[in-house]
Amino acid sequence: MAGQRRTIVGDRKDEPAPPVIIDAALLERWALAYLERFASSAENLRRVLLRKARRRVGPDQNLSPETRQDIDGLLARYCTTGLIDDAAYAAGRARARLRRGQSLRTIRAALAAKGVGAEDAAAAIGALSETTPDPELAAACAFARRRRLGPYRRDDSGDSDRLRELAAFARAGFSRRAATAVLACADENAIQELLETQS
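The model shown is predicted, which means the values in this text are computed figures rather than measured ones.

Caption draft 1: The overall build of the protein chain, seen in detail. Along its length, the protein chain carries 10 helices and two strands. Taken from the N to the C terminus, the helices and strands of the protein chain come in the order β-β-α-α-α-α-α-α-α-α-α-α. Sequence-distant contacts, at least 24 apart, represent 61% of the contacts inside the protein chain between residues at least 6 apart. As presented, the protein chain carries roughly 11,900 Å² of accessible surface, and 49% of it is formed by carbon and sulfur atoms.

Quick look at the structure:
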């Protein structure tokens with residue numbers, strides 16, 4: 001920071017660039033503005049704040065150790081007061097993604113990408129069984145409805161579509177068991193019966 005120099009065209013003088021100050025109050029404003037709009041894990045909020053701070057100081061300067069300490073202190077305070085709760089965040093995200101028809105593998109990967117720890121992610125995915133006996137099958141049914149596969153398809157084209165649909169389930173992270181169970185259903189009533197037999 002102190003070694004950075006800039007040239008002023010008018011005077012042709014070299015002088016040090018002024019340091020960019022990122023204080024705790026600014027970090028808190030950024031954090032609260034983000035949390036007003038989005039739920040977040042502690043690690044995800046850390047990444048957001050670091051990214052904003054790096055943009056503020058510019059590509060030529062490093063963040064000061066004080067800024068990193070301020071971010072750590074802010075996150076510790078938010079976790080202690082309950083403003084950030086990784087377990088609750090993971091549980092909410094897992095339920096929402098299951099309703100949208102995402103496989104348990106995809107949910108686990110998405111939680112990891114948001115900085116949720118392995119224990120919190122495992123607990124959130126385990127809690128899905130409390131609302132649905134077979135969460136993977138329920139998600140596969142929602143996926144089929146959203147993508148218009150199996151019993152939700154508009155036309156019946158035969159075996160070539162079945163292989164294409166199995167591939168779509170596999171790419172989305174579903175097991176073959178869940179995919180074949182959903183694709184074996186003749187209509188939406190059969191899907192409902194399939195889900196009810198799991199309860």
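Caption draft 2: Quick peek at helix α7 (residues 135–147). Relative to the 18 Å expected for 13 residues at 1.5 Å per residue, α7 spans 18 Å between its end C-alpha atoms, a close match to the ideal helical length. Summarising burial for α7: 10 of the 13 residues are buried, a large majority. Every buried residue of α7 is listed here: P135, E136, L137, A138, A139, A140, C141, A142, F143 and A144. R148 sits one or two residues past α7 and shows a positive phi near 55°.

Caption draft 3: Quick look at the packing of aromatic side chains. This structure, assessed with the given rule, holds four aromatic pairs. Aromatic side chains Y34 and F38 sit 5.0 Å apart centroid to centroid with 40° between the ring planes, which places their arrangement in the tilted category. By relative accessible area, F38 is classed as partly exposed at 38%. Measuring from ring centre to ring centre gives 5.8 Å for F169 and F174, while their planes differ by 70°; the resulting arrangement is edge-to-face. The class of F169 is buried, set by a relative accessible area of 0%. An aromatic cluster of three or more residues is present, and its members are F143, F169 and F174.

Caption draft 4: Just the nonpolar core, in detail. Core analysis: the largest hydrophobic core is formed by 33 residues, its most contacted members being I107, F169, F174 and V182. Apart from residues lying up to four places away in sequence, V182 is in contact with L137, A140, C141, A144, P151, F169, I191 and L194. Of all hydrophobic cores here, the second largest spans 20 residues; its members include W30, V48, I71 and L75.

Caption draft 5: Molecular detail of the environment of L50. Inspection of the secondary structure assignment puts L50 in helix α2 (residues 42–57). Judged by its relative accessible area of 13%, L50 falls in the buried class. Measuring from C-alpha to C-alpha, the distance between L50 and R68 comes to 7.9 Å, with 18 residues separating the pair along the chain. Contact partners of L50, with chain neighbours within four places excluded, come to L63, R68 and I71.

Caption draft 6: Seen up close, the pattern of salt bridges. Within the structure shown, the criterion is met by six salt bridges. Its salt-bridge partner being R77, residue E28 comes within 2.9 Å of it at the nearest N-O pair. Of this pair, E28 sits in helix α1 (residues 24–37) while R77 sits in helix α3 (residues 65–81); the two residues are 49 residues apart in sequence, bridging distant segments of the chain. Under the relative-accessibility criterion, E28 is labelled partly exposed at 23%. What makes R77 partly exposed here is its relative accessible area of 40%. Residue E43 pairs with R47 through a salt bridge whose shortest N-O separation is 3.6 Å. With E43 and R47 both in helix α2 and four residues apart, this pair spans about one turn of that helix. Relative accessible area serves as the criterion here: at 27%, E43 is assigned to the partly exposed category. Among the ionic contacts, a cluster of salt bridges with common partners joins E43, R46, R47 and D72.

Caption draft 7: Expanded view of the environment of R153. Note on placement: R153 falls in the loop between α7 and α8 (159–171). Using a relative accessible area of 21% as the deciding quantity, one classes R153 as partly exposed. Sequence separation of R153 and D187 is 34 residues, and the distance between their C-alpha atoms is 9.4 Å. Those residues in contact with R153 that sit more than four places away from it in its chain are R148, D161 and E165.

Criteria and thresholds
Residues numbered from 1 in each chain as written. Predicted model: local features only at pLDDT ≥ 70, side-chain atom pairs only at ≥ 80, totals over all residues. Heavy atoms only, no water. Helix = DSSP H or I, 4+ residues; strand = E, 2+ residues; numbered from the N terminus. Contact = heavy atoms within 4.5 Å. Areas by Shrake-Rupley, 256 points an atom, 1.4 Å probe, with all protein chains shown as cover. Expected span 1.5 Å × (residues − 1). Buried < 20%, exposed > 50% of the residue type's maximum accessible area, 1.4 Å probe, protein only. Phe/Tyr/Trp six-rings, centres within 6.5 Å; stacked < 30°, edge-to-face > 60°. Core = buried A, V, L, I, M, F, W, Y, C linked by side-chain atoms within 4.5 Å. Salt bridge = Lys/Arg side-chain N within 4 Å of Asp/Glu carboxyl O.

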